[in-house]
Every structure is written in structure tokens, then in C-alpha cells.
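# Examining the three-dimensional arrangement
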Amino acid sequence: MATAEKQYRGIYILTMILGFISAIFMARFSFCLGKVIDVVIDPTDSLQTSMLTCIYMAVCWLIVSFVYNCTKIIYVNKIVRFLKTNLYKALYHKELNTFFAEKNGHYLSLYSKDIDLVVDNYLMPKCNIVSHILSAAVCLLSIFVINWKLGVSFVIISFITVVLSQIPGTIMARKTVEYTHNNSVYMALLENYLKGFEQVKLLGLGKLFQEKLNAKDYEYEKSRMHYLFAKITSNNIGMAIGMLSQLLCMAVGIWFVLRGDMTVGLLIAAVQLLNGVFSPLQFFVEEKNLMGTTKEIICRIDQEQTIEEKVEKEILGEVQKIEFHNVNLQFGNKEIFQGFHTTFEAGRKYAIVGESGKGKSTLMHLLMKYLTENEYEGTVRINNQDIRTIDSDSVYQKIGYIQRNEFLIDGSVKDNIVLYRENISNGELSQVCQDLKLNSELVQKEIGTSDSGEVSFGEKQRIDIARFMVHNYDVLVFDEPTSNLDAETANEIFNMIFSIQDKIVIVITHDRSKEVLGRFDAVLQL
């Protein structure tokens, strides 16, 4: 946040200058308004001139205030874009194990609700708070010009007002923190339940999950209610204190008029200026309390923007050998690998078979650095380099891990294969589509996030494979590549896999037919 604020400090300073000029025009308007009253009571000057001057000052204030608000919005937009750009950048620098360690809904909340709170409770108040201070200072100085004794009285009353108005702020800050926490928890649960909607319906568990969701929603909405109550109460208490203070200042001003220390017109001007003191002070306290509620959110955003400097090395040369040496791994009380050894070599094709839960995909997750170095014992080496010392992006450049997923973008099937990569030639794409039996009509079909049903499971599976096959990997890992395909298409996919030359090819499969497994150079049974 500090970096963003520093980068756009110029716009912020311009915003404050405009706020200051706006306050000056408002103060001048108050003096002109008082002058009009005095001219009506004792016509020593032209009423028309006084009225025109008053209107002129009001118009100038209106124009400058409009420009001030526009500049403030531009400043806030610049900061938000800076933050979100850095957040997106940091997101795609995260390791897979770090990403999967976060709760569901974490990033949804970060990019939406947390940013909204930063805008409403920090950036906007930050601009307003300085403007209010400057406005109150200009108005208070103007009151001193009218009568210094009146000014001193108003300063004392204003100080008491600010002190008393701080009381509700601590409660509001605590309720805001509770609300943001419950929002994150609720969104995580909601996202997970929506993801499992199909299973819940098929199992006939809708009523049970509805009750669970309602219970969590009750806690979430209760925290929102407390947050809103705290916000409204804070505002109302601030307004009440401000109104009592204004009434006290009015009584002091009337006392000065009765003593003959100032005219009625100057009293009107002082009252107008008094609004320019108390309204900003009231908003100052309110916005200061709002800013205090965002400390944890800003801290979280700053942490999420951090990109750790990578010290890992790249894979040297083409991948010729992958070794798993004395690997031990368990999840909870379930042992997956104990003293596991195996080697994969270039130019050979390997099948990994075994019952569900025996570690077929987990073995490849180890290779692709899904797990942290503390989650397993032993070593996994690529070209004799321990993967703990290898940059994960280098692993992803050399090894293609092909598995089923639900990811689609709006566009054609071709767009969903290319995925914005400009270095893929039409020739390479056509060859891959031909090998995977993706005809030209299907490749040009428009699909996307809203109508993923336009492609079948089998077609989607082939799209997933094609995304990787258009890139030249040293190692290709296929995780159940034929699980959703008919026998003929599955055979074509296997033919394509067996046609791959001079690479390490690893296929995780449930197909244990001798005809298929016999075509591999080695079969690893887990």
C-alpha cells in the first residue's frame, strides 16, 4: 500500500490543494453572506454588489469542489489498479502448494470484498480527512479574523468535540474486523457447497446442506448486522456531539453580539463558518475510525503482494532422467510411500497402475512440486538435480502434466487450446488437433464459461491434452487420459501417445489390459 501511495503522491497532493482552495471559497462565501445581512440592516454598501459577490463565491466553490471530487476518484482508481495489478502478478508467482493451502474463497474475498473495504474505509477517507482538516483550519482562522476571543472559545469546544467523538471508534473497528473474518469464512463455505451442488442433489442431501448453509449464513449476517449497528451508532453519536457543540458555540456567539463585540452579519458569517468547522471535524472523526478498521486488511493485501525472490536454479539441458530415491510420504495416519525408489529415462514410456489412493497422482504431484519440501522425506531428482533446488517454473517448462480440469475461457475451442499463447503456429495446432481427432468444425465452435455443456466430456478431455501437446516438453505425464473416452477414441489417444519419440512419457491409467500395458516399456505397479 505504501508503494502505491508513494507512486501517486502527486495526484494526492493535487487533490489536497483543490480541497484547500474549495475551503477558501467557502470561507469567502460565509463572509459575503454576513456582508449581505449587514447591508440589509445598515445599507452602507450596494446590496446588488454584495449579492453578486456572494453568488460568485458560491459558483467558484461549486466548480472547485467538483474538480476536487473528480481528482479524488482518479487517485483512488489509480491506487486500486496498482494494488490489483500487483496482486495478480503475485498470484501467478505463487507455488501450487501455497495456493492450495489457502481456504476456498480466500482470493475471491481478497479481490472483491477486501478491496471494496479499502476503497470505502481507507482511500476515500484518507483523501477526505486532510481536506476536512484544511477546511476546518481555514474556517477557524476566519473566525479568529472576525473575533479572536470567539475563535479561542470555538477551539476549546472543538477540541472537546474531537475527544468525545473518538469513543465509538474502537467498537466500530472491532466489529469491522469480525465482519471481514466472517465474510471470508462464509464465502469459502459457499464456494465449496456450490462446487458440490451436483453431488448433494444426487445424494438427496439438499435439506441437510441447506440447514448447514443457513446456520453459517446466520453467523455471517449477524456479524454484518453488528458492523452496521456499530457504524450507524458511531455516526449518530458523532452527530449528536457535533449538534450539541454547535449549539454551545451559537450561544457563545450570541453572547458576543449582545455585548456589542460583533455585528449580526458577522454572527451569521461565524455560524456559517462554524458549520465549516464542525462538519469537517465530525467527518474527520468518522473517517479516522473507518481508517482504523482496515489495518488488518491492508496488512493482508501487502502480504499477498509480496513476491519471494527465487533462489532455485533452472533445469540444465533436456530432461534425460527422473529419479525418486528413498521417498517417504504419509497424509495423517495414511502411509503413501515408504522407502520408494524408481527411475524414468528419456525415450521410454511408462505406465503407472494401481488401486485408487495408492499414490499414482501423488507421485506426479511430488515431481511437479505440489508438495512442500517438508511434507516428504527422500529426494526427487531431475537430471541429478534435487527438485528442492529447482525453480518450479522451470519444471513446468520442461514437464507437461496433463490432467482433467474444468477450466474454460470465453471463445472458440481453438482459443481454449491456445490460451492466449502467440507463439503457437497454425501448423502445430492443426497437427495436434488432427492427432486428437478434433475436427475443424469443433475447433471453431464457440464455447466458454457460461456454456461449457457445448462440448462433451470426451471433447473437453482432448482439449485438455491439446493444450499441452502444442508445447514442446521433454517429459509428458498423462493422468488418466482416456477416462472419459469411448474405446475407439481411447485407442486413438494411446496411438498418439505411443507415437511420441525421444521423450519421457508417463501415463497414469486404470486400463490394465495386456494389449495396452504391453505397449509400454515399463509398468510401475503401486
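Note: the structure precedes this text.
Attention in this report is confined to the structure presented alongside it. None of these values were measured; they are calculated from a predicted model.

## Observations concerning the nonpolar core
Among the nonpolar cores identified, the biggest contains 38 residues, and Ile 417, Met 469 and Phe 478 are the most heavily contacted of them. In terms of residue count, the dominant contributor to this core is helix α18 (residues 487-498) (6 residues). With sequence-adjacent residues up to four places away left out, Ile 417 is seen in contact with Leu 429, Cys 433, Leu 438, Ile 463, Ala 466, Arg 467 and Val 470. Membership of the second largest hydrophobic core comes to 34 residues, among which are Leu 91, Ile 129, Tyr 227 and Phe 284.

## A few points about the pairing of strand β9 (residues 475-479)
Counting buried positions along β9 gives 5 out of 5 residues, so the element sits mostly inside the fold. Of the two faces of β9, the one carrying Val 475, Val 477 and Asp 479 and the one carrying Leu 476 and Phe 478 are both buried. Here strand β6 (residues 399-402) pairs with β9 via 4 bridges, running parallel. By the bridge assignment, Gly 400 is partnered in β9 with Leu 476.

## Re the packing of helix α5 (residues 106-146) against helix α11 (residues 295-305)
At their nearest, the axes of α5 and α11 sit 10 Å apart, and the two run at 130° to each other. Taken together, the axes of α5 and α11 are oblique relative to one another. Two packed elements cross with a definite hand, and for α5 against α11 that hand is left-handed. On the side of α5, the interface is formed by His 106, Tyr 107, Leu 110, Asp 114, Ile 115, Leu 117, Val 118 and Tyr 122, while α11 contributes Ile 297, Ile 298, Arg 300, Ile 301 and Glu 304.

## Some remarks on the sheet that holds strand β11 (residues 522-525)
Across the sheet, 5 strands lie side by side as β6-β9-β10-β3-β11; this open sheet has parallel pairing. At either end of the open sheet lies a strand with only one pairing partner, and these are β6 and β11. Strand after strand, the sheet turns through a mean of 15° between neighbouring axes, direction not considered. As paired elements, strand β3 (residues 349-353) and β11 share 4 bridges and run parallel to each other. Bridge pairing links Ile 352 to Leu 524 in β11. Sitting on the sheet, helix α17 (residues 457-469) is in contact with β6 and β9, with an inclination near 175° to β6.

Conventions used here
- Residues numbered from 1 in each chain as written.
- Predicted model: local features only at pLDDT ≥ 70, side-chain atom pairs only at ≥ 80, totals over all residues.
- Heavy atoms only, no water.
- Core = buried A, V, L, I, M, F, W, Y, C linked by side-chain atoms within 4.5 Å.
- Buried < 20%, exposed > 50% of the residue type's maximum accessible area, 1.4 Å probe, protein only.
- Helix = DSSP H or I, 4+ residues; strand = E, 2+ residues; numbered from the N terminus.
- Contact = heavy atoms within 4.5 Å.
- Pairing = 2+ DSSP bridges.
- Axes fitted to C-alpha atoms, helices over the stretch in contact; angles between N-to-C directions.
- Parallel < 35°, antiparallel > 145°, perpendicular 65-115°, else oblique.
- Left-handed = near helix turned anticlockwise from the far one by under 90°.

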